[in-house]
Amino acid sequence: MVVVYERRHSSNGEGLHRMVDPADGRVYTYSHFEPAAAHQMFALFDQPDLKASYQLSVTAPADWQVVSAMPERAVAAVAGGKRWDFPATPRLSAYNFSLHAGPYKVWEDRSGKYPLRLMARQSVAGQVAPADWFKYTQGGLAFFEKYFGLPYPFEKYDQLLVPDFLYGAMENAGAITFAEKRFLFKESMTAAQKQSLASVILHEMAHQWFGDLVTMKWWNGLWLNESFAAFMATLATAESTEFTNAWQSFYSGGKQAAYIQDQQVTTHAIETPVPSTANAFDNIDAITYSKGASTLKQLRHLLGTEVFRQGVHNYLAKYSWQNAKLDDFIGSLGQAAGRDLSGWTRDWLYQAGVNTVTAQYRCAGGKVSEFALRQDGASAALPTLREQRVQIGLFGLEKGRGKGKGGGQLVLQRQQAVTYSGALTPVPELKGEDCPDLVYPNYEDWGYVQVRLDERSFRTAQTSLGKVADPLLRAMLWQSLWDGVRAGQLPLAAYLRAVRDNAPAERDYTLLGDIAGKTRQAKAYVDLIAPGSAWQRETGVALERMALAAARAAKGDDNFQRRWFGLYLDIAGSPAALAQLAGVLDGRDVPAGLQVGQDLRWDIVARLNRYAAAGSAALVDAELARDPSDAGQAAALAARVGRPDAKAKAEWLAQIVDLDSKLPFSRRRVAMENLYPAEQGALGEETAQQRLALLASKDQAAGPIFMRSYGSHLIPANCTPASVARLEQAVAAAPALSAGSRRALLVAQQEDARCVAIQRAMKLPPR
């Protein structure tokens, strides 16, 4: 049977996407099929449990490169261009197959076991650092072949940077795609950007075995694909790259996102039923990626590192080129361990929520007289108590100061590994230890559990952040303070005092990034809970001065300086700070040593427009003349959308929600992301009711890709009791929303209520 199929290219990032480069008029295409968009390119039954071989022939313009899962078998000149013939692939699920074609710039590396290629649009080729890409790719292939005990399953390894991409990257077999927006830079990459690149390269590489070679039978197994890739990418980053502290980055980033989502009203089990392909992405979130990865990390500690690795090898070897289920994976691990893992699977994978662990201990005569770990369920509705293995760290403050022993540092007195389960687990091994100033019951982050510090330990954490030598422990103590803010227990002002007192002295680059990220969130809370107040102004100015002084002091250390100046830029709002930014843009009073490239220039232009600084509107046109690239046009749009102009915002909103608008979806997404920043709450109120009223109709008409952006950025939450009540009414009035949109609405309501609780903890007048 022959099926003839024809349809237009897509413009929303699914199916076979087509883009015309505004810089030079060249046309580029690439495919994205996950979860089920292959049928937008050719006719098939589009589901993961139907694996097949694909044989492809493509006719394209003569100057185009054509890429798919297999290396081309032949390329021949034909009328109007060239014909590319590819051999049949191994058995693949449809979403793992791909086709990419266009006049891509190609870099090659044939120095290793497999031929490597990297591709990007011609107009952005100067922003690509191929040596870094090839270094992390070669190292990753060697690491994974050794770890899995199986060779890389495909004949070549292609990676393509593509425009308008919906996600970070996609694990197409042998032809991985990456979002330009995340991995193109007009300045040299910072260490953080390089680590992110390495991590994502390794994430997609892990999928070549776990996802492409062995594929889930149905979409309820998608979490295992992503969790395993997230776990393996972190392990590989720590062990095959210069970023040996990758687990610290994981703790501060993905794992905290999982903790937050696992405490929301929309939490769900890791393994959940997926009734149809349309629901495949309903639960793709930090629980899927990072909680799943954390449970695998915990299981590795529970079983032992070599037992876990052997179980993974057995699974991949047994089910190569097949579909498999969760029971197959857990069965392979259990067989390697000689242990029944059904109880672990039930508690960890089929039950929602995050547990809390607290150290309960008493001291007598300066020594620990009794010690136990207390475990609490997430809530009355989620009471599951889980088994896991953690380490307990006991710490004491050295009595000396300055020249004395330890210099007053908080030092580790004892660490003890323990496997706990149930509500209370005695730890008799710690009896007789010196009474600690601080106990951390998940030392070195083995477990997936929310730590609740006892009162003495919390007081020590508040006063001793600068006395902790271990950066991971410092990160955990900072996190405990931030958790206190989010729970309404620690006033936001107290947290910001800790930032001002301790952040400028922080010398761990990864932890500084974490502190800077939390400071941005804290500043957003300040803008929401106290708009126009003296406290808002004074707090903002104090943070600005701290960040700018630290950026100046970091001269000679590009990574630290850019991190500090990035924070300064993101919190700047006072007239003095805006004038400083305008001066940097003009080349005046630039912190010595700071690189002011095109990316930073656009960020400054956007910030000046967000506060309607004098002359800022004209800066957009001037900068666009300097940088008319696709990225420049997107940056110009972001700057214009962010201006505090009610009439303009109403017009932009009309364009966003007009599904027949000629504005491409990639641009509408930029507009949604920048339309209503935190400090423009009064402007947001003007269209708040309209945006809520549109939610149901757009949910029915626009589809999940549009609604993911709408739900993330356009549901109004203004940190007032009235705003919380409005969202509660919207939840009650829209029971028929899709799962994704309803979740976005519920989360917005819960986080808005959290913001009000943070305001109350500050004892500020209600708004």
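The structure reproduced in this document is the subject of the present report. These numbers come from a predicted model, not from an experiment. (Residues numbered from 1 in each chain as written. Predicted model: local features only at pLDDT ≥ 70, side-chain atom pairs only at ≥ 80, totals over all residues. Heavy atoms only, no water.)

### Structural notes on the nonpolar core
A general feature of soluble globular proteins is that nonpolar side chains tend to end up buried together.
Then step 1. Phe 144, Trp 209, Met 232 and Phe 329 are the most contacted members of the largest nonpolar core, which has 119 residues in total.
Then step 2. Ranked by the residues each element gives to this core, the list is headed by helix α4 (residues 222–240), at 12 residues.
Then step 3. Grouped together as the second largest cluster of nonpolar side chains are 91 residues, Tyr 251, Tyr 440, Leu 472 and Ala 516 included. (Core = buried A, V, L, I, M, F, W, Y, C linked by side-chain atoms within 4.5 Å. Buried < 20%, exposed > 50% of the residue type's maximum accessible area, 1.4 Å probe, protein only. Helix = DSSP H or I, 4+ residues; strand = E, 2+ residues; numbered from the N terminus.)

### Observations concerning unusual backbone geometry
Then step 1. Residue Pro 35 follows Glu 34 across a cis peptide bond; omega there is 0°.
Then step 2. Here Pro 35 lies in the loop between β2 (27–32) and β3 (57–60).
Then step 3. Despite not being glycine, Asp 445 shows a phi value in the positive range, around 60°.
Then step 4. Along the chain, Asp 445 turns up in the loop between β20 (438–440) and β21 (450–451).
Then step 5. Residue classification places Asp 445 among the buried positions, given a relative accessible area of 1%.
Then step 6. One non-glycine residue, Ala 612, lies in positive phi territory at about 50°.

### Describing helix α6 (residues 286–303)
Since the α-helix turns once every 3.6 residues, residues separated by three or four places project in the same direction.
Then step 1. With 18 residues, α6 ought to run about 26 Å at 1.5 Å a step, and its terminal C-alpha atoms sit 24 Å apart, in line with that.
Then step 2. α6 sits mainly inside the fold: 16 of its 18 residues count as buried.
Then step 3. N-capping of α6 is provided by Asp 285, with a side-chain oxygen placed 3.0 Å from the backbone N of Ile 287.
Then step 4. Backbone geometry just downstream of α6 places Gly 304 in the positive-phi region, at approximately 105°. (Expected span 1.5 Å × (residues − 1). Polar contact = N/O pair within 3.5 Å; in protein donor to acceptor, adjacent residues only side chain to side chain.)

### Describing the sheet that holds β3
Then step 1. If you trace the three strands from one edge of the open sheet to the other, you get β3-β6-β5, paired in antiparallel fashion. Two strands lie at the open edges of the sheet, namely β3 and β5 (74–78), each paired on one side alone. Strand-to-strand twist in this sheet, taken as the mean axis angle between neighbours without regard to direction, amounts to 20°.
Then step 2. Of the pairings in the sheet, the one linking β3 to strand β6 (residues 81–85) comprises four bridges and is antiparallel in character. (Pairing = 2+ DSSP bridges. Axes fitted to C-alpha atoms, helices over the stretch in contact; angles between N-to-C directions.)

### Overview of helix α5 (residues 246–262)
Then step 1. The terminal C-alpha atoms of α5, which comprises 17 residues, lie 22 Å apart, in line with the 24 Å expected from a rise of 1.5 Å per residue.
Then step 2. By the largest-angle criterion, Lys 255 marks the main kink of α5, which is about 35°.
Then step 3. Residues of α5 that are buried include every one of Ala 246, Trp 247, Gln 248, Phe 250, Tyr 251, Ser 252, Lys 255, Gln 256, Ala 258, Tyr 259 and Asp 262, and no others. (Bend = angle between axes of the 7 residues up to and from the residue.)

### A short note on the layout of surface pockets
If a probe the size of a water molecule is rolled over the atoms, the empty space left behind becomes visible.
Then step 1. The calculated volume of the second largest pocket comes to roughly 390 Å³.
Then step 2. Split into classes, the residues belonging to the lining of the second largest pocket amount to eight nonpolar, six polar and four charged. (1 Å grid on protein atoms, 1.4 Å probe; cavity = no way out; pocket = protein on both sides within 12 Å on 5 of 7 lines; lining within 4 Å. Points joined across faces, edges and corners; volume = space filled by probe spheres on them. Nonpolar A, V, L, I, M, F, W, Y, C, P; charged D, E, K, R; others polar.)

### Description of the state of the cysteines
Then step 1. Tallied over the full model, the rule gives two disulfides.
Then step 2. What pairs with Cys 363 in a disulfide is Cys 435, and their sulfur atoms sit 2.0 Å apart. Looking along the S-S bond of the Cys 363-Cys 435 disulfide, the torsion reads about 85°, which is the right-handed sense. With a gap of 72 residues between them, Cys 363 in strand β15 (residues 356–364) and Cys 435 in the loop between β19 (424–426) and β20 connect regions that are remote in the sequence.
Then step 3. What pairs with Cys 719 in a disulfide is Cys 755, and their sulfur atoms sit 2.1 Å apart. Disulfide Cys 719-Cys 755: the torsion about the S-S bond is -95°, which places it as left-handed. You can see Cys 719 sitting in the loop between α23 (704–713) and α24 (721–733) and its partner Cys 755 sitting in helix α25 (residues 739–761), a full 36 residues away along the chain. (Disulfide = S-S within 2.5 Å.)

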